[in-house]
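Chain residues, written in single-letter form:
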Amino acid sequence: MKKILITGGAGFIGSHVVRLFVNKYPEKDIYNLDKLTYCGNLENLSDVERAHNYHFLKADIADATHILSLFEEYRFDGVIHLAAESHVDRSIVNPMEFIRTNIIGTVNLLSAARHIWQDDFSGKRFYHISTDEVYGSLGEVGAFSESTPYAPHSPYSASKASSDHFARVFHDTYHLPVVISNCSNNYGPNQFPEKLIPLFINNIKHNKPLPVYGQGVNVRDWLYVEDHADAIDTIFHRGKNGDTYNIGGNNEWKNIDLIHQLIRIMDRKLGREDGQSLKLVTFVTDRAGHDLRYAIDASKLRDELGWSPKIKFIEGFEKTVDWYLQNGAWLEHVTSGAYQEYYTKMYANR
Ligand code: NAD
Ligand code: TYD
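Below: a short report on this structure. (Residues numbered from 1 in each chain as written. Chains lettered and ligands numbered in written order. Predicted model: local features only at pLDDT ≥ 70, side-chain atom pairs only at ≥ 80, totals over all residues. Heavy atoms only, no water.)

## Describing the pattern of salt bridges
Move 1: Here the structure, examined in full by the defined rule, presents 20 salt bridges.
Move 2: In this structure, the salt-bridge partner of Arg19 is Asp47, at a minimum N-O distance of 2.8 Å. Of this pair, Arg19 sits in helix 1 (residues 12-24) while Asp47 sits in the loop between strand 2 (29-34) and strand 3 (54-58), and the two are 28 residues apart along the sequence.
Move 3: Accessibility expressed as a relative area gives 51% for Asp47, which makes it exposed.
Move 4: A salt bridge links Arg100 to Asp60, with the nearest nitrogen and oxygen atoms 2.5 Å apart. Of this pair, Arg100 sits in helix 4 (residues 95-117) while Asp60 sits in the loop between strand 3 and helix 2 (64-74), placing them 40 residues apart in sequence.
Move 5: Linked by salt bridges that have partners in common, Lys35, Asp60, Glu97 and Arg100 make up one network. (Salt bridge = Lys/Arg side-chain N within 4 Å of Asp/Glu carboxyl O. Helix = DSSP H or I, 4+ residues; strand = E, 2+ residues; numbered from the N terminus. Buried < 20%, exposed > 50% of the residue type's maximum accessible area, 1.4 Å probe, protein only.)

## Examining the site of ligand 2
Move 1: Looking at ligand 2, there are 18 residues lining it, with Glu133, Arg220, Arg287, His290 and Tyr347 nearest.
Move 2: In the model, an oxygen atom of ligand 2 is placed 2.7 Å from a nitrogen or oxygen of the Arg220 side chain.
Move 3: Contact with the protein chains covers 97% of the free accessible surface of ligand 2, which is 510 Å².
Move 4: Taken together, the elements giving at least two residues each to the shell around ligand 2 come down to helix 6 (196-205) and strand 8 (210-213).
Move 5: Class assignment for the residues of the shell around ligand 2 results in 8 nonpolar, 5 polar and 5 charged. (Near = heavy atom within 4 Å. Polar contact = N/O pair within 3.5 Å; in protein donor to acceptor, adjacent residues only side chain to side chain. Areas by Shrake-Rupley, 256 points an atom, 1.4 Å probe, with all protein chains shown as cover. Nonpolar A, V, L, I, M, F, W, Y, C, P; charged D, E, K, R; others polar.)

## Focus on the site of ligand 1
Move 1: As a matter of local geometry, ligand 1 sits amid 28 residues, with Ile13, Asp34, Ser86, Tyr156 and Lys160 nearest to it.
Move 2: Within the contact set of ligand 1, an oxygen atom lies 3.1 Å away from a backbone nitrogen or oxygen of Phe12.
Move 3: With respect to ligand 1, the side chain of Thr101 contributes an N or O atom lying 3.0 Å from a nitrogen atom.
Move 4: Coverage of ligand 1 by the protein chains reaches 97% of its 830 Å² of free accessible surface.
Move 5: Those elements that place two or more of their residues in the shell around ligand 1 are helix 1, strand 5 (125-131), helix 5 (155-174) and strand 7 (185-187).
Move 6: If one sorts the elements of the shell around ligand 1 by residue count, strand 5 sits on top with 3 residues.

## A look at helix 12 (residues 338-347)
Move 1: Of all the residues in helix 12, the buried ones are Tyr339, Tyr342, Tyr343, Met346 and Tyr347. Buried residues of helix 12 fall within an arc of 100 degrees about the axis and therefore sit on the same side. Those residues of helix 12 that are exposed and aimed more than 90 degrees away from the buried face are Ala338, Glu341, Thr344 and Lys345.
Move 2: Next to the buried residues of helix 12 lie helix 3 (88-93), helix 6, strand 8 and helix 11 (328-334). (Arc of directions from axis to C-beta. Contact = heavy atoms within 4.5 Å.)

## Some remarks on the nonpolar core
Nonpolar side chains in soluble globular proteins generally cluster together in the buried interior.
Move 1: Counting residues in hydrophobic clusters, the biggest one holds 37 residues, and the most contacted among them are Leu210, Leu262 and Phe317.
Move 2: Listed by contribution, the elements that provide at least two residues to this core are helix 6, strand 8, strand 9 (219-224), helix 8 (255-269), strand 12 (281-284), helix 10 (313-326), helix 11 and helix 12. (Core = buried A, V, L, I, M, F, W, Y, C linked by side-chain atoms within 4.5 Å.)

## Focus on the sheet that holds strand 9
Move 1: Taken together, the 3 strands give an open sheet; going across it, the order is 7-9-11, and neighbouring strands pair in mixed fashion. Across the chains shown, the open sheet's two edge strands, defined by having one partner strand only, are strand 7 and strand 11 (252-254). Sheet twist, expressed as the mean angle between neighbouring strand axes with direction ignored, is 50 degrees.
Move 2: Alignment of strand 9 against strand 11, held across 3 bridges, turns out to be antiparallel. Bridge pairing links Val219 to Lys254 in strand 11.
Move 3: Contacts from helix 8 reach strand 9 and strand 11 within the one sheet, and its direction differs from that of strand 11 by about 90 degrees. (Pairing = 2+ DSSP bridges. Axes fitted to C-alpha atoms, helices over the stretch in contact; angles between N-to-C directions.)

Nothing here speaks to function; it is all geometry.
Structure (structure tokens):
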């Protein structure tokens, strides 16, 4: 594959995937297609934007005509599709935007790939990136495997589940060379501060309340974003067409324990007294339909493709905090303007 399209490359995970591919595959042309929504930020790619093999295309994946014309013009050989509306709380407020981008946008991309490849699929690949949230919620024990039935509980996860079904259908019906992965919660540099970890880092820094939903007992499995990008590279090149791979960190944390750990690290790095920021913890109204626990059984990826995470949690967590503290300008930039309005609306009545 000479020409690789990465959608959503200006976002959190996408920017790490673009960086990895641009640096690791100088002989390939990497096209980053992104609409640059509120969380799409080309600053995330300032270190690779001048590379000879990096190209940026501004487009909305929900615009079928534009997407088809770009596929006809550039004739990509491979697609890694990450563009999405990705925040559960926003999906609860405005589900339609999630249907538009996550479902219609995905089907537009699948259709455009099928159209330009004209049923000659040799050497071609469409990789759809998804989430473990499509499987719903677990009790105290067990883990999601690739055969766990889908049971989404939020408009976000329902839209991702639908897009997964369409990706699978394009393989089963049209033989499009599709591969899918479902990953657990990512953390690391460049994540938009609407998600738990960067939001809490920003609030601790500014001595603002830390809004913990419910009792903070929900459990998530956390994976460092560069590990996810590495898994994507592995599955894109070696995954089997028509297959799904679960990706996880084997690293479950109850929210409140994770938050206490974050406070300990931040207080140390900010030169505050140990535990000083604990007083910022504020229990607020729970998220509607809040999934209790996610956990991933990633044994298929380990056994079939030999992949497992490389970055230990404590190392990744320290690196993440350091990045946000050292990139104050990035954080100030993305939390100015519309972010303030979002924050007030989302947290005012909790
Ligand atoms: P993000 O919200 O940080 O970035 C999404 C990117 O998509 C942004 O650059 C945005 O501008 C772009 N985009 C949004 N709508 C678009 C449209 N209509 N047309 C073109 N571009 C558009 O998301 P993320 O956290 O990096 O997630 C990337 C992908 O990984 C998503 O598909 C998400 O479902 C999946 N995923 C995320 C996580 C996680 O923990 N963040 C875990 C598993 C899977
Ligand atoms: P989030 O980062 O939004 O990811 P997801 O909902 O996709 O797992 O949230 C992670 C966990 O943190 C989830 O259980 C909800 C909780 N949470 C809070 O307690 N407070 C917050 O302000 C946010 C954004 C999340």
